[in-house]
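# Architecture and fold: a report
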Amino acid sequence: MTGEPKVRTVLGDIDPAELGVTNSHDHLFFASKLLSGQELDDPTAAAEALLHFKAAGGSALVQWTPYGLTRRTRELAWISNEIGAHVVAATGLHRAEHYAPAILDRVIDGLVREFVADLTEGTQPADLPDEPRTGPRAGLVKVAGAFHTIDSHARLTMTAAAVAHQETGGPIAVHLELGTAALETVELLCGKLDVPPDQVILGHLNRNPDVRIQREIAETGVFLGFDGPSRANHATDWRLFDGLEALVGAGHGGQILLGGDTTTATALHQPGPSYLLTTLAPRLAKLLGGDVVTAMLVANPARAFATSWK
């Protein structure tokens, strides 16, 4: 890779120092056939969510919505410009279960080409594959593991993500299904496919709150995503605090990223991106110290999402 590291936002590349207080994993738009009737697909609501996040002190939001799940990158660019907050978009592919077969059939044999084009040329809607790539460029590749394993679909998408990384420099973000198969993911991406650990972000580690395995994962050198606070069907906030305290105590505070992971429009279960700053960060600061939490929100994402783009 050549040149100074940059973060690729929907409005262009920026210096990592410009990113500021960052929600490292969230969604302004997301629609899956697994969540019928709960789609995040309203530009007005998305703009309001980003505005609330900015009002709470936020500066940047990284949307992990990959190809084919209504990522609406053109609207992301419009909202980013209107609100005055940085937004990073994703390419990549989620677990197969999220997609209609027609979408998978259309893209599955050309994943590397799709990922690279999204990162370097521009994005396009999945339902308009022949449309010119006039959408903003993606800033990361998002793929997904399976429950406690790397299944054939995950192996295919992770391999394509690794090739796309080698061709472009784009960082790789991984949805860990219920927080599992983290070490297997690192072995595949970093061990077999030669992706540097500091270019890999593992998401949902809070969903598998085993402090011993979390420390083993941290020792590989990857970035550690803790996201989705206050979701009653996952590990709740009190376990999140234990895990983060243990990792900081073991010297891994510089690898931790925090996010909200809002995936549905059901307000009862999704407090929204601003919750990260209005509620979670102050509580964490009391436990870990303000400087430590600020690093998780500012310095760590500035390194995690920056790369020397090819």
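Since this is a predicted model, take the numbers as computed values, not measurements.

Contact geometry of helix 5 (residues 152–168) with helix 6 (residues 182–192) gives a least axis separation of 10 Å together with a crossing angle of 40 degrees. Put simply, helix 5 runs oblique to helix 6. The interaxial crossing formed by helix 5 with helix 6 has right-handed handedness. Residues Arg155, Met158 and Ala162 of helix 5 pack against Thr185, Leu188 and Leu189 of helix 6. Among the residues forming the contact of helix 5 with helix 6, the class breakdown is four nonpolar, one polar and one charged.

The next thing to look at is the nonpolar core. If you look at soluble globular proteins, the nonpolar side chains tend to sit buried side by side. Core analysis: the biggest nonpolar cluster contains 74 residues, and Leu50, Leu202, Leu224, Phe226 and Leu258 have the highest contact counts within it. Each residue touching leucine 50, except ones within four places of it in the same chain, is listed here: Leu28, Leu61, Ile79, Ser80, Ile83, Ala85 and Val87. Trp64, Ala90, Phe223 and Leu257 belong to the second largest nonpolar core, which has 16 residues in total.

Inspection of the secondary structure puts glutamate 114 in helix 4 (residues 111–120). Not counting residues within four places of it along the chain, the set of residues in contact with glutamate 114 comprises Tyr67, Thr91, Val107, Gln124 and Arg133.

A word on unusual backbone geometry. Notably, alanine 181 is not glycine yet its phi reads approximately 60 degrees, a positive angle. Assignment of secondary structure puts alanine 181 in the loop between strand 8 (172–175) and helix 6. The class for alanine 181 is buried, based on a relative accessible area of 6%. Positive phi, close to 55 degrees, is recorded for aspartate 261, a residue that is not glycine. Within the secondary structure, aspartate 261 sits in the loop between strand 11 (256–259) and helix 9 (275–288). On the accessibility criterion, aspartate 261 (2% relative accessible area) is buried.

The set of residues buried in helix 6 consists of Ala182, Thr185, Val186, Leu188, Leu189 and Cys190. Buried positions in helix 6, seen along its axis, are confined to an arc of 165 degrees and lie on one side of it. Where helix 6 is buried, its residues contact helix 5, strand 8, strand 9 (200–203) and helix 7 (211–218). Phi turns positive, to about 65 degrees, at aspartate 194, one or two residues after helix 6.

Rules behind the numbers
Residues numbered from 1 in each chain as written. Predicted model: local features only at pLDDT ≥ 70, side-chain atom pairs only at ≥ 80, totals over all residues. Heavy atoms only, no water. Axes fitted to C-alpha atoms, helices over the stretch in contact; angles between N-to-C directions. Helix = DSSP H or I, 4+ residues; strand = E, 2+ residues; numbered from the N terminus. Parallel < 35°, antiparallel > 145°, perpendicular 65-115°, else oblique. Left-handed = near helix turned anticlockwise from the far one by under 90°. Contact = heavy atoms within 4.5 Å. Nonpolar A, V, L, I, M, F, W, Y, C, P; charged D, E, K, R; others polar. Core = buried A, V, L, I, M, F, W, Y, C linked by side-chain atoms within 4.5 Å. Buried < 20%, exposed > 50% of the residue type's maximum accessible area, 1.4 Å probe, protein only. Arc of directions from axis to C-beta.

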